[in-house]
Every structure is written in structure tokens, then in C-alpha cells.
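Each chain is listed here by its residues.
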Amino acid sequence: MEHMRWLTLRLGNNQSIGPKVLLDLWSNACETNQSSVTRDNQAGRSTSYALHAPTSLAYPKRAELRMRKLLEEAGYTFTLGSLADRPAPQPVRFR
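These numbers were taken from a predicted model, which means no experiment stands behind them. (Residues numbered from 1 in each chain as written. Predicted model: local features only at pLDDT ≥ 70, side-chain atom pairs only at ≥ 80, totals over all residues. Heavy atoms only, no water.)

Student: So what's going on with the pairing of strand S1 (residues 3-11)? Which residues, and what values?
Tutor: If a strand is regular, its side chains alternate between the two faces of the sheet. Where S1 lies against strand S3 (residues 48-54), six bridges are found, and the strand directions are antiparallel. In the sheet register, Leu9 faces S3, and the bridge partner there is Tyr49. Bridge count between S1 and strand S4 (residues 78-82): five bridges; the pairing is antiparallel. By the bridge assignment, Arg10 is partnered in S4 with Thr79. (Pairing = 2+ DSSP bridges. Helix = DSSP H or I, 4+ residues; strand = E, 2+ residues; numbered from the N terminus.)

As C-alpha cells, this is what we get:
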């Protein structure tokens, strides 16, 4: 089963989240146990978390909305970027 990065999460200043807690929230939000999370530490930038799920995720917008709700209910301040918010890459044409 192919997976892709569906969302990028950044928490507010002085907040952090453990990998198990984040995975539990994301698995609940996307309604599958075939999900994963990774942490991205880049020098000079705030920590971000990548939320992955199968490319065949049935309701990605519902998963995003559920994730927002779960994070808010847990008391986090955050930004959540969706791949759906980005323009599609231009197709590559081979000659």
C-alpha cells in the first residue's frame, strides 16, 4: 500500500507532542491504523511534523478537519498545512 504525506503540523511556541500521542490523534483523525508520523527538525526553522496515510485515504478533508478538532480539544495552538492547499505540480513530458 502506497503512503503519502497528507498534512504538515507546526505547534505553537514552547509546545511539543510525543510521537505516540501524535500518531494516536492522526490515526483517529484519518480513521486508519495504516498511518504514520515523522518529525522534521531543520536548522533555523521550527519543528514540523509530517502526517502520512495511504494514498487511497477515502476522506482526506474529513481527516484534516477531525485532526484540527482533536488538536484544539487537546489544547494545542498550531498551524496545519494540507497538500490539497498547494497547486498540483506541472506534468513532465518526455519526448
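Student: Residue-level account of the sheet that holds S1, with values.
Tutor: Within a sheet, neighbouring strands are paired by backbone hydrogen bonds and run either parallel or antiparallel to one another. If you trace the four strands from one edge of the open sheet to the other, you get S2-S3-S1-S4, paired in antiparallel fashion. In the strand order of this sheet, the two ends are held by strand S2 (36-40) and S4, each with one partner. In this sheet, adjacent strand axes meet at a mean angle of 25° when their direction is disregarded. Across the sheet, helix H2 (residues 60-73) is in contact with S1, S3 and S4; its angle to S4 comes to roughly 175°. (Axes fitted to C-alpha atoms, helices over the stretch in contact; angles between N-to-C directions. Contact = heavy atoms within 4.5 Å.)

Student: I'd like a description of the packing of helix H1 (residues 19-30) against H2, backed by residues and values.
Tutor: Running from N to C, H1 and H2 point in directions that differ by 140°, and their axes come no closer than 8 Å. By the angle between their axes, H1 is oblique relative to H2. As for how H1 packs across H2, the hand of that crossing is right-handed. Note on element contacts: H2 touches H1 through Ala63, Arg66, Met67, Leu70 and Leu71, opposite Leu22, Leu25, Trp26, Asn28, Ala29 and Cys30. Taken together, the residues of the contact of H1 with H2 sort by class into nine nonpolar, one polar and one charged. (Parallel < 35°, antiparallel > 145°, perpendicular 65-115°, else oblique. Left-handed = near helix turned anticlockwise from the far one by under 90°. Nonpolar A, V, L, I, M, F, W, Y, C, P; charged D, E, K, R; others polar.)

Student: I'd like a description of H1, backed by residues and values.
Tutor: For H1, spanning twelve residues, the distance from its first C-alpha to its last is 16 Å, which sits close to the expected 16 Å at 1.5 Å a residue. Along H1, the residues that are buried comprise Leu22, Leu25, Trp26, Ser27, Ala29 and Cys30. Where the residues of H1 are buried, they touch S1, S2, S3 and H2. Backbone geometry just downstream of H1 places Glu31 in the positive-phi region, at approximately 60°. (Expected span 1.5 Å × (residues − 1). Buried < 20%, exposed > 50% of the residue type's maximum accessible area, 1.4 Å probe, protein only.)

Student: Could you give me a rundown of unusual backbone geometry, with the residues and numbers involved?
Tutor: Even without being a glycine, Asn14 presents a positive backbone phi close to 60°. For Asn14, the position within the fold is in the loop between S1 and H1. Positioned with a positive phi, Glu31 is a non-glycine residue whose angle comes to about 60°. With respect to the helices and strands, Glu31 occurs in the loop between H1 and S2.

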